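Below, each chain spelled out in residue letters.
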Amino acid sequence: MIANEFVVDSRKSKKELLLFKVDFEKAYDSVDWEYLDSVMGKMCFPTLWRKWIKECVMTATTFVLVNGSPTNEFSLGRGLHQGDPLSPFLFLLAAEGLNNMMKAMCESTLFRGYSVGSDNPMIGSHLQFVDDTLLLGEKSWANVRALRAVLIPFEAVSRLKVNFHKSMLVGVNISESWLIEAATLLNCKMGKVTFINLGLPIGGNPRRLSF
């Protein structure tokens, strides 16, 4: 709903809006355990709680079926268990690193978010829900460069690899030629104004939402 509100406001006000839908490659399988523990430490999680989480995550074993027969079990080196009710919450902790980096970029004006409203405007720069991440801001080359400047270091520290080839750049009230050049710089694909986020269409309904 919030993402759609930004798109609807951009269309109504004729302001330029740049959106970047991030695709993490094998998101759950790539989470680095030491990084996750470091984030929990920064967020002041109790030592005992961190120990419990490490026991849940780091003691997992798995096996591979070869021609229908299981191999010997072996330990994993990173990643979260698919289907585990705890995994989405742990991934949110891992994604908190990107949240803090985006906040720092905005506070230092290296990235400019999109402003909604005239009196006490709300400025949005990123929306996150588990492994679905949408970055948004004003149309500018500085913002395009800032996207790479924040995603590549985050990838390095978290080991959450950003799949730029599958990530998508979308623009509202932005010329196609500019978007093509920006998508080439980011090495990503260019999407349509109406796209799917969290399984729902964004930008398809011109009516404003009421809260």
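Residues numbered from 1 in each chain as written. Predicted model: local features only at pLDDT ≥ 70, side-chain atom pairs only at ≥ 80, totals over all residues. Heavy atoms only, no water.

Asker: What exactly am I supposed to notice about unusual backbone geometry here?
Answerer: Glycine aside, negative phi is the norm for most residues, and most peptide bonds take the trans geometry. Positioned with a positive phi, Lys14 is a non-glycine residue whose angle comes to about 65°. With respect to the secondary-structure elements, Lys14 resides in the loop between helix H1 (2-13) and strand E1 (17-22). Backbone geometry places Arg159, a non-glycine residue, at a positive phi of 65°. Mapped onto the elements, Arg159 comes out in the loop between helix H6 (141-158) and strand E10 (168-172). For Arg159, a relative accessible area of 40% translates into the label partly exposed. (Helix = DSSP H or I, 4+ residues; strand = E, 2+ residues; numbered from the N terminus. Buried < 20%, exposed > 50% of the residue type's maximum accessible area, 1.4 Å probe, protein only.)

Asker: Is there a simple way to think about the pairing of E10 in this case?
Answerer: Note on strand geometry: in a regular strand, side chains alternate between the two faces of the sheet. The element E10 is extensively covered by neighbouring structure, given that five of its five residues are classed as buried. Relative to E10, E1 is paired through five bridges, and the arrangement is antiparallel. Across the sheet, the residue bridging to Leu17 is Val172, located in E10. Pairing of E10 with strand E11 (residues 189-190) involves two bridges; the strand directions are parallel. Each bridged residue has a counterpart across the sheet, and for Met168 the counterpart in E11 is Lys189. (Pairing = 2+ DSSP bridges.)

Asker: What's the story with the side chain of Asn99 in this structure? I'm lost.
Answerer: Looking at the element boundaries, Asn99 is found in helix H5 (residues 87-107). Within the structure, Asn99 has its side chain in polar contact with the side chain of Glu96 (distance 3.0 Å). If sequence neighbours within four positions are ignored, Asn99 has contacts with His126 and Gln128. (Polar contact = N/O pair within 3.5 Å; in protein donor to acceptor, adjacent residues only side chain to side chain. Contact = heavy atoms within 4.5 Å.)

Asker: Please clarify how the packing of H5 against H6 should be interpreted in this entry.
Answerer: Between two packed helices, what matters for the description is the angle formed by their axes and the separation of those axes. Between H5 and H6, the shortest axis-to-axis distance is 10 Å and the interhelical angle comes to 145°. The two elements H5 and H6 meet at a crossing, and its hand is right-handed. Along its contact with H5, which presents Ala94, Ala95, Gly97, Leu98, Met101, Met102 and Met105, the element H6 presents Ala146, Ala149, Val150, Leu151, Pro153 and Phe154. Its residues placed into classes, the contact of H5 with H6 shows twelve nonpolar, one polar and no charged. (Axes fitted to C-alpha atoms, helices over the stretch in contact; angles between N-to-C directions. Left-handed = near helix turned anticlockwise from the far one by under 90°. Nonpolar A, V, L, I, M, F, W, Y, C, P; charged D, E, K, R; others polar.)

Asker: Mind showing me how you'd approach the sheet that holds strand E8 (residues 126-129) here?
Answerer: As a general point, the strands of a sheet are linked pairwise by backbone hydrogen bonds and lie either parallel or antiparallel. Ordered by their spatial adjacency, five strands build an open sheet running E8-E9-E1-E10-E11, and the pairing between neighbours is mixed. Since the sheet does not close on itself, it has two edges, and those belong to E8 and E11, each with one partner. Both E8 and strand E9 (residues 132-137) contribute to a ladder of four bridges, which runs antiparallel. Looking across to E9, one finds that Leu127 is bridged to Leu134. Relative to the sheet, H5 contacts E8 and E9, its axis offset from that of E8 by approximately 175°. Contacting E1 and E9, H6 runs over the sheet at an angle of about 25° to E1.

Asker: What's the story with the packing of aromatic side chains in this structure? I'm lost.
Answerer: Each aromatic ring pair is specified by the distance between its two centres and by the angle formed by the two planes. Tallied over the entire structure, the rule returns eight aromatic pairs. Ring geometry for Phe24 versus Phe91: centroids 6.4 Å apart, planes at 70°, classification edge-to-face. Taken together, the residues Phe24 in the loop between E1 and helix H2 (27-30) and Phe91 in helix H5 connect sequence positions 67 residues apart. Just as Phe24 is buried, Phe91 falls in that class too. (Phe/Tyr/Trp six-rings, centres within 6.5 Å; stacked < 30°, edge-to-face > 60°.)

Asker: Sorry if this is basic, but what is going on with the confidence of the model for the chain here?
Answerer: Segments scoring low in pLDDT should not have their predicted coordinates read at a detailed level. Here the chain averages 81 in pLDDT, and 84% of its residues register 70 or above. This model gives residues 206-211 a pLDDT under 50, and the stretch forms eleven contacts once residues within four places in sequence are excluded. (pLDDT = per-residue confidence, 0-100.)

Asker: Looking at this structure, how should I read the packing of H6 against helix H7 (residues 176-186)?
Answerer: Following both chains from N to C, one finds H6 and H7 inclined at 25°, their axes separated by 10 Å at the closest point. In this view, H6 runs roughly parallel relative to H7, as classed from their interaxial angle. Two packed elements cross with a definite hand, and for H6 against H7 that hand is right-handed. Facing Trp141, Val144, Leu147 and Arg148 of H6, the residues of H7 in contact are Trp178, Glu181, Ala182, Leu185 and Leu186. For the contact of H6 with H7, the per-class residue count stands at seven nonpolar, no polar and two charged. (Parallel < 35°, antiparallel > 145°, perpendicular 65-115°, else oblique.)

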